[in-house]
Amino acid sequence: MIISICVGSSCHLKGARRVVEQLQPLIAQTDANIELGGCFCLNNCTEGVCVKLDGELFSLQPEDVQQFFETEILRRLSPT
Ligand code: FES
């Protein structure tokens, strides 16, 4: 799984760093092979911090990270 957090200026101002800081320990709790990285502007600057998860774009506020982790990341990790 590849997660890219936009670190462009708009997303930076909306809290990209806090999103990364909150995601890191959550990801570390899993044994999954998750690659967390930064990327430049994804042309989705209007909402929150833009996060790309396996090619799908999300817009997060830093306070949404826990829920995003549970509903998107853990869901993809668990076999259905
Ligand atoms: S600065 Fe993040 S999507 Fe544009």
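Placed above this text is the structure.
As the structure is a prediction and not an experimental result, all values here were calculated from the model.

Analysis parameters
Residues numbered from 1 in each chain as written. Predicted model: local features only at pLDDT ≥ 70, side-chain atom pairs only at ≥ 80, totals over all residues. Heavy atoms only, no water. Pairing = 2+ DSSP bridges. Helix = DSSP H or I, 4+ residues; strand = E, 2+ residues; numbered from the N terminus. Axes fitted to C-alpha atoms, helices over the stretch in contact; angles between N-to-C directions. Phe/Tyr/Trp six-rings, centres within 6.5 Å; stacked < 30°, edge-to-face > 60°. Buried < 20%, exposed > 50% of the residue type's maximum accessible area, 1.4 Å probe, protein only. Core = buried A, V, L, I, M, F, W, Y, C linked by side-chain atoms within 4.5 Å.

J.: Talk me through the sheet that holds strand S3 (residues 49-53); I want residue IDs and the actual numbers.
T.: Pairing is mixed in the open sheet, where four strands are placed in the order S2-S1-S3-S4. For this open sheet the edge positions go to strand S2 (35-39) and strand S4 (56-60), each flanked by a neighbour on one side alone. The average undirected angle you get between the axes of adjacent strands in this sheet is 25°. Here strand S1 (residues 2-6) pairs with S3 via three bridges, running antiparallel. Within S3, the residue paired with Ser4 across the bridge is Lys52.

J.: So what's going on with the environment of Pro62? Which residues, and what values?
T.: Turning to its location among the elements, Pro62 is positioned in the loop between S4 and helix H3 (65-77). The sequence separation of Pro62 and Pro25 amounts to 37 residues, and the corresponding C-alpha distance is 14 Å.

J.: Before we move on, can you summarise the packing of aromatic side chains with the specific residues and values?
T.: The final tally for this structure, using the stated rule, is one aromatic pair. Taking 5.1 Å as the distance between ring centres and 70° as the angle between the ring planes, the aromatic pair formed by Phe58 and Phe68 counts as edge-to-face. One end of the pair, Phe58, is in strand S4; the other, Phe68, is in helix H3, and ten residues separate them in sequence. Taken individually, Phe58 and Phe68 each receive the classification buried, so the pair is uniform in this respect.

J.: Mind laying out the nonpolar core, listing which residues take part and the relevant values?
T.: The biggest cluster of nonpolar side chains holds 21 residues, and the ones touching the most others in it are Ile3, Ile5, Val19, Leu23, Val51 and Ile73. Mapped by element, the contributors of at least two residues to this core are S1, helix H2 (16-28), S3, S4 and H3. In terms of residue count, the dominant contributor to this core is H2 (five residues).

It is worth stressing that arrangement in space is one thing and function is another; only the former is reported here.
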